[in-house]
Amino acid sequence: GVPVVATNVGGVSDIISDGKNGMLVAPGNPKAMAEAILKILQNKKLSASFIKEARKTAEANFDLEIMAKKTIKVYEEALAVKRILVIKISSVGDVILVIPSLRALRKKFSDAKICVLVGLKSRQIVQSCPYVDEVIVLEGPNGSFLSKLFKVARVLSSYKFDIVIDHQGNKISHLLSFLSWAPSRYGFDNGKLSFLLNHRVRFVVLQAVNPVEHQSKVLGIMGVNIEDASLELFPRESDFKYIDERLSEEWLSAEQPLVGINISASAKWQTKRWPLENFVRLSNELARENIRTVLTGSEEDVYLAEKFVTLSNVKPVNFVGKTSLLELAALIKRCSIFITGDSAPMHVASAMKTPFIALFGPTDPKRHLPPSKDFFLIKKDFKCMPCYKRICLNPKCMNEITPEEVLDVVKKRLS
């Protein structure tokens, strides 16, 4: 029953409608406040009108029962938002391959909170991904295995996930899925503690299926379809700026094609590597065609880059060990074509829509080639392929791919 004059800030405007059930004035204006007060004191009819309307507003919107119902509605809406966890704790390339799944989940559950559990090296891939709300990182090598495992399990259980999608498919990921206490846990029935999942799809070892289609089998039992299998990465403007500045220091002309060469593969997979001498010969031949090469690789490959430079007749642009993952993506985007074995940079090239030449040996391209409309596969056919051996005394499947073959593909693509 008291007329109100208030400053127009915060939630005040939700209660007071200026000129209808009270008066609002600009904040920090004592003169305007005084004038509004005097106006109400001097106009009893206006004051009575404000009192009547304000009482109606309070009874209609701020009754105890109404407020309780609104509060309960907020909690119900919070409960209705699904909390989804996707587990992919393996290599960088495999995490890039999970992007189509994340995109499909976001489309199906637009209001859900989607989290991803990844390894330390892979966190950059999903930190800038628009389909993900939060990234949970599996910690590095410090501490015992069990202590790390149960620490992560406690973190996961605190999120109270409704759904866990285990795209990793090993004993650790199955155990973490279970210890999250999510009521719905999806993954492959592969015998690796997969009984801890309560929604499983049969895993066929001998079936040659590309990695994205492989994931779609798990999502399919959830009613989620991967309509777009393309890969994506999300480098920032600063990543492109860093690459452009570095390339400008190398005296590259605007017309000169740039061919990327990933000189290595995972340290665990020596058999995936094309001989360094072949890369050197290829780089020398490209230079004859006025084509510049840029070397990529991890910090572990710096010694290979140094050896490359020693053996080469020309000076390549050396980015080995000098880029973050997103900077590498920006660099590969600047390449006219990218040459690589079966490794993570191949997936980066696919994500950045850069044409790439894939050199395959011990692994099956049907199972490991990323989705792309612009790639060239080079492989030999031997009875022992694919062997999936990490060590081989005579890796002829890679050794017999010649620099001339690769050069021919590069020249055809660039022309």
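Coordinates for the structure precede this section.
1. Things to note about the side chain of S101
Okay, so step 1: Relative to the assigned elements, S101 resides in helix 6 (residues 99-108).
Okay, so step 2: You can call S101 buried: its relative accessible area is 0%.
Okay, so step 3: For S101, the side chain forms a polar contact with the side chain of Q215, separated by 2.5 Å.
Okay, so step 4: Discounting chain neighbours no more than four positions away, the residues touching S101 are H167, Q215, L219 and I226.

2. Some thoughts on unusual backbone geometry
Okay, so step 1: Here the bond from M385 into P386 is cis, since omega is -10°, no more than 30 degrees from zero.
Okay, so step 2: For P386, the position within the fold is in the loop between strand 14 (375-379) and helix 17 (396-399).
Okay, so step 3: For N290, which is not glycine, the phi dihedral falls at a positive 60°.
Okay, so step 4: Its place among the elements puts N290 in the loop between helix 12 (276-288) and strand 10 (292-296).
Okay, so step 5: With a phi close to 60°, Y388 is a non-glycine residue in the positive phi region.
Okay, so step 6: Looking at the element boundaries, Y388 is found in the loop between strand 14 and helix 17.
Okay, so step 7: Of the residues examined, Y388 reaches a relative accessible area of 28% and is grouped as partly exposed.

3. Some details on the sheet that holds strand 3 (residues 83-87)
Okay, so step 1: Judged by pairing direction, the sheet is parallel, and its six strands sit side by side in the order 5-4-3-6-7-8 without closing on themselves. Pairing within the sheet leaves two strands with one partner each, and these edge strands are strand 5 (134-138) and strand 8 (199-202). Geometrically, the sheet is characterised by an average inter-axis angle of 20° between neighbouring strands, direction not taken into account.
Okay, so step 2: Looking at chain direction, strand 6 (residues 163-166) and strand 7 (residues 184-189) are connected through three bridges and run parallel. Directly across from I163, in strand 7, lies its bridge partner S184.
Okay, so step 3: Set on the sheet, helix 9 (residues 171-179) makes contact with strand 3, strand 4 (113-119), strand 6 and strand 7; between it and strand 6 the angle comes to about 180°.

4. Details of the pairing of strand 10
Okay, so step 1: Buried residues dominate strand 10, accounting for five of its five residues.
Okay, so step 2: Because side chains alternate across strand 10, one face comprises the buried residues R292, V294 and T296, and the other comprises T293 and L295, equally buried.
Okay, so step 3: The pairing of strand 9 (residues 258-262) with strand 10 spans five bridges and is parallel. Note on strand 10: the bridge partner recorded for V259 is T293.
Okay, so step 4: Note that strand 10 and strand 11 (residues 317-318) share two bridges and pair parallel. Its bridge partner lying in strand 11, L295 is registered against N318.
Okay, so step 5: In this region the chain leaves strand 10, passes through helix 13 (residues 302-311) and returns to the parallel neighbour strand 11; the handedness of that crossover is right-handed.

5. Section: helix 4 (residues 64-80)
Okay, so step 1: Helix length check: helix 4 (17 residues) gives 24 Å between terminal C-alpha atoms against 24 Å at 1.5 Å per residue, within 8%.
Okay, so step 2: A distance of 2.9 Å separates the backbone nitrogen of E65 from a side-chain oxygen at the start of helix 4, and that oxygen is part of D63.

6. Here we look at helix 10 (residues 211-220)
The α-helix winds at 3.6 residues per turn, so residues separated by three or four positions along the chain end up facing the same way.
Okay, so step 1: For helix 10, the set of buried residues is P211, V212, Q215, V218 and L219. Looking straight down helix 10, one finds that the buried residues subtend no more than 110° of arc, so they occupy a single side.
Okay, so step 2: The inward-facing, buried residues of helix 10 contact helix 6, strand 6, strand 7, strand 8 and helix 16 (365-368).

7. Concerning empty space enclosed by the protein
Okay, so step 1: Under the counting rule described, the total for this entry stands at one cavity of 30 Å³ or more.
Okay, so step 2: Considering only enclosed or pocket space, the largest cavity measures out at about 40 Å³ in volume.
Okay, so step 3: Along the walls of the largest cavity sit N262, I263, S264, A265, K272, R273, W274, F279, G341 and M398, which together make up its complete lining.
Okay, so step 4: Per-class residue counts for the lining of the largest cavity are five nonpolar, three polar and two charged.

8. Description of the sheet that holds strand 13 (residues 356-360)
The strands making up a sheet associate through hydrogen bonds between their backbones, and the pairing can be parallel or antiparallel.
Okay, so step 1: Judged by pairing direction, the sheet is parallel, and its six strands sit side by side in the order 11-10-9-12-13-14 without closing on themselves. The open sheet has two edge strands, strand 11 and strand 14, and neither has a second partner.

9. Quick notes on the nonpolar core
Okay, so step 1: Among the nonpolar cores identified, the biggest contains 49 residues, and L102, L105, I125, I165 and M222 are the most heavily contacted of them.
Okay, so step 2: Apart from the residues lying within four places of it in its own chain, the contact partners of I125 are V92, V95, I96, I99, L233, F234 and L325.
Okay, so step 3: Listed in part, the 28 residues of the second largest apolar core include V280, L295, I337 and I357.

10. Let's talk about the pattern of salt bridges
Okay, so step 1: One pass over the full model with this rule turns up 22 salt bridges.
Okay, so step 2: Among the salt bridges present, the one from R106 reaches D133, with a minimum N-O distance of 2.7 Å. Placement of the pair is R106 in helix 6 and D133 in the loop between helix 7 (123-127) and strand 5, with a sequence separation of 27 residues.
Okay, so step 3: It is possible to trace a salt-bridge network through shared partners that takes in R103, D228 and E232.

11. Structural notes on the packing of helix 14 (residues 325-333) against helix 15 (residues 344-351)
Okay, so step 1: Between helix 14 and helix 15, the shortest axis-to-axis distance is 9 Å and the interhelical angle comes to 60°. Relative to helix 15, helix 14 is oriented oblique. In this structure, the crossing between helix 14 and helix 15 has a hand that is right-handed. Every residue of helix 15 that contacts helix 14 at L325, L328, A329 and I332 is listed here: P345, V348 and A349.
Okay, so step 2: For the contact of helix 14 with helix 15, the class distribution of residues is seven nonpolar, no polar and no charged.

Rules used in this analysis
Counting restarts for each chain, with residues numbered from 1 along the sequence as it is written. Residue-level local features of this predicted model are given only where pLDDT is at least 70; pairs of side-chain atoms are given and counted only at 80 or more, and the full residue set underlies all totals for whole chains, interfaces and linings. To obtain the side-chain values, all non-hydrogen atoms of the structure were used and water was disregarded. Strands here are runs of E lasting at least two residues and helices are runs of H or I lasting at least four, both read from the DSSP assignment and numbered beginning at the N terminus. In this scheme, a residue with accessible area under 20% of its type's maximum is buried, one over 50% is exposed, and one in between is partly exposed, where area comes from a 1.4 Å probe on protein chains only. Polar contact is the term for a pair of N or O atoms within 3.5 Å; when the atoms are in protein, one must be able to donate a hydrogen and the other to accept it, and sequence-neighboring residues count only if both atoms are side-chain atoms. Residue contacts follow a heavy-atom distance rule, with two residues in contact if any of their heavy atoms lie within 4.5 Å. Think of it this way: DSSP has to see at least two bridges between two strands before they count as a pair. Note on definitions: angles span 0 to 180 degrees between N-to-C directions of axes, and those axes are lines fitted to C-alpha atoms, for helices only across the stretch in contact. Here is how to tell: hold the view so the strands point away, follow the path from the first strand over the helix to the second, and if it runs clockwise the crossover is right-handed. Here the expected span of a helix is defined as 1.5 Å times the quantity of residues minus one. Note: the arc covers the axis-to-C-beta directions of the helix. Using a 1 Å grid laid over the protein atoms alone, points where a 1.4 Å probe fits but cannot get out form a cavity; open sets with protein on both sides within 12 Å along at least 5 of 7 lines form a pocket; any residue with an atom within 4 Å of a point counts as lining. Grid points are joined across faces, edges and corners, and a volume is the space filled by probe spheres set on the points. In this count, Pro and Cys sit with the nonpolar residues alongside Ala, Val, Leu, Ile, Met, Phe, Trp and Tyr, while Asp, Glu, Lys and Arg are called charged and the others, Gly among them, polar. For our purposes a nonpolar core is just a set of buried Ala, Val, Leu, Ile, Met, Phe, Trp, Tyr and Cys residues, chained together by side-chain atoms within 4.5 Å. One side-chain nitrogen of Lys or Arg within 4 Å of one carboxyl oxygen of Asp or Glu is enough to make a salt bridge. Angular relationships are summarised with four words: roughly parallel below 35 degrees, roughly antiparallel beyond 145, roughly perpendicular across 65 to 115, and oblique for the angles in between. By convention the crossing between two helices is left-handed if the near helix lies anticlockwise of the far one by an angle smaller than a right angle, and right-handed if it lies clockwise.

It is worth stressing that arrangement in space is one thing and function is another; only the former is reported here.
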